[in-house]
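# Breakdown of the fold
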Amino acid sequence: MKTISLLNLKGGVAKSFTSVNMAYELWRRGNRVLLWDNDKQGNLSKAFEQYEAEQAAPAARILSGDWQNPEEMIQATDYEGIDIITSNLSLFGAAWNLVRDGGGDMTGRYRSFVKASINNQTEDCICERYDYCIIDNPPDIGINVVNALGMTDEVIVPVKIDENSLEGLDIVAGQIEDAKALNPSLTLKGVLITIYQNTDGEAAGLEWLRQEWDNAESRHYRQYKVLGRIRYSAKVAENSFVKKPIYEYSPCCGAAQDYKHFVTSYTGIGR
């Protein structure tokens, strides 16, 4: 199972929307996908109509260590082959309690979960049941995000091009470097440009990212590879009420086509 974290310390950059549509495109290519809502706002859970406000969410229980059978923490979606670990505000309390109480392994809770045996069958664990795990992280570096980075193979940073977002990339890269102390195999895969409008300013920002990637004298050299570009589409706002991947709602819109092309480029497999 390859684990991908969507991470940016700035909100409003389409992390959850990217998680939904990346999972859908991977699934369309025959992959089994586990989605992990690691944000207390629960936007990813809401997108699949699995949000439950009243009870302790599976993501919170995993962080607290309050589980026995891993299967019980995972819910099916309407897409056979896409499952989800849901979240709600209880994740905030679980993170707070873990930091306050200390003790034990605070940073390996998620990693232990995916490697735990199912029904005491040592040859079967969560990480063997899926091809991909996509983690939708909040715009901060709390203990839940540290746990996510501890089990992540690759980080993708969704970026909406503006001056503040581009400046924040250095902070994200620094946090990823720090997390390598827990997970040496952690890799910053690159940035995914989201909500892109072809204005002079955004075109200049995109060109800057591409030039820095190729400039051997830059301190950003080989750091911020541009993985793809997702165009702005009014259909995305409409789609939030429909609760479907954008390709199913409006397959011809720019965003739907761009997510399709992005995952094709990312995996090397088309559909």
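You'll find the structure just up there.
## With respect to helix α1 (residues 15-28)
A rise of 1.5 Å per residue sets the reference length of α1, with its 14 residues, at 20 Å; its end C-alpha atoms lie 20 Å apart and thus fit the reference within 8%. α1 sits mainly inside the fold: 11 of its 14 residues count as buried. Listed in full, the buried residues belonging to α1 are Lys15, Ser16, Thr18, Ser19, Val20, Asn21, Met22, Ala23, Tyr24, Glu25 and Leu26. Once α1 finishes, glycine 30 follows within two positions and takes phi at roughly 90°, a positive value.

## Some details on the nonpolar core
Judged by nonpolar contacts, the single largest core of 29 residues is most densely connected at Met22, Leu35, Phe48, Ile134, Ile156 and Phe262. Looking at this core, the elements that each hand over two or more residues are β1 (2-6), α1, β2 (33-37), β4 (82-85), β7 (132-136), β10 (226-231), α10 (246-249) and α11 (254-267). Tallying contributions element by element places α11 first for this core, with six residues. Beyond its immediate stretch of four places on either side in the chain, isoleucine 134 contacts Ile4, Leu6, Ser19, Met22, Ala23, Leu26, Val33, Leu34, Leu35 and Trp36. Ala59, Ile74, Tyr110 and Ile135 belong to the second-largest nonpolar core, a separate cluster that totals 28 residues.

## Some details on unusual backbone geometry
Even without being a glycine, alanine 14 presents a positive backbone phi close to 75°. Within the element layout of this structure, alanine 14 appears in the loop between β1 and α1. Of note in this structure, lysine 243 is not a glycine but carries a positive phi near 60°. The residue lysine 243 is located in the loop between α9 (234-239) and α10 in this model. Overall, the relative accessible area of 34% leaves lysine 243 in the partly exposed class.

## Concerning the side chain of threonine 152
Relative to the helices and strands, threonine 152 resides in the loop between α6 (143-150) and β8 (154-159). Looking at threonine 152, its side chain comes within polar contact range of the side chain of serine 5, at 2.8 Å. Sequence-distant contacts of threonine 152, that is, excluding residues within four places in its chain, are made with Thr3, Ile4, Ser5, Ile135, Asn183 and Leu186.

## Comments concerning the pairing of β8
With respect to burial, β8 is a largely interior element, six of its six residues being buried. The sheet contact formed by β1 and β8 spans three bridges and is parallel. Its bridge partner being in β8, serine 5 is matched across the sheet by valine 155. Assessed by its sense of winding, the connection that carries the chain from β8 through helix α7 (residues 163-179) to strand β9 (residues 187-196) is right-handed.

## Re the sheet that holds β1
Read from one edge to the other, the open sheet built from eight strands follows the order β3-β4-β2-β7-β1-β8-β9-β10, with strand pairing classed as mixed. Across the chains shown, the open sheet's two edge strands, defined by having one partner strand only, are β3 (75-76) and β10. As defined by bridge partners, β9 adjoins β10 across four bridges and the pair is classed as parallel. If you follow valine 191 over to β10, its bridge partner there is valine 226. Here α1 sits on the sheet and contacts β1, β2, β4, β7, β8 and β9; the angle it forms with β7, its principal contact strand, is near 170°. Where helix α8 (residues 200-214) meets the sheet, its contacts fall on β9 and β10, and the angle it forms with β9 comes to roughly 165°.

## Observations regarding the packing of aromatic side chains
Within the structure shown, the criterion is met by nine aromatic pairs. Geometrically, the ring pair formed by tyrosine 24 and tyrosine 79 is edge-to-face, given 6.0 Å between the ring centres and 80° between the ring planes. On the criterion of sequence distance, the pair formed by tyrosine 24 in helix α1 and tyrosine 79 in the loop between β3 and β4 is long-range, its members being 55 residues apart. With relative accessibility at 2%, the residue tyrosine 24 sits in the buried group. Grouped by ring-pair contacts, the aromatic residues Tyr24, Trp27, Phe48 and Tyr79 constitute a single cluster. The positively charged end of lysine 46 is found above the aromatic ring belonging to tyrosine 51, 4.8 Å away from the centroid. Residue placement shows arginine 271 over the ring face of tyrosine 247; its charged tip is 4.2 Å from the ring centre.

So, how was this worked out
Residues numbered from 1 in each chain as written. Predicted model: local features only at pLDDT ≥ 70, side-chain atom pairs only at ≥ 80, totals over all residues. Heavy atoms only, no water. Helix = DSSP H or I, 4+ residues; strand = E, 2+ residues; numbered from the N terminus. Expected span 1.5 Å × (residues − 1). Buried < 20%, exposed > 50% of the residue type's maximum accessible area, 1.4 Å probe, protein only. Core = buried A, V, L, I, M, F, W, Y, C linked by side-chain atoms within 4.5 Å. Contact = heavy atoms within 4.5 Å. Polar contact = N/O pair within 3.5 Å; in protein donor to acceptor, adjacent residues only side chain to side chain. Pairing = 2+ DSSP bridges. Right-handed = clockwise from strand over helix to strand, strands pointing away. Axes fitted to C-alpha atoms, helices over the stretch in contact; angles between N-to-C directions. Phe/Tyr/Trp six-rings, centres within 6.5 Å; stacked < 30°, edge-to-face > 60°. Lys NZ or Arg CZ within 6 Å of the ring centre and 35° of its normal.

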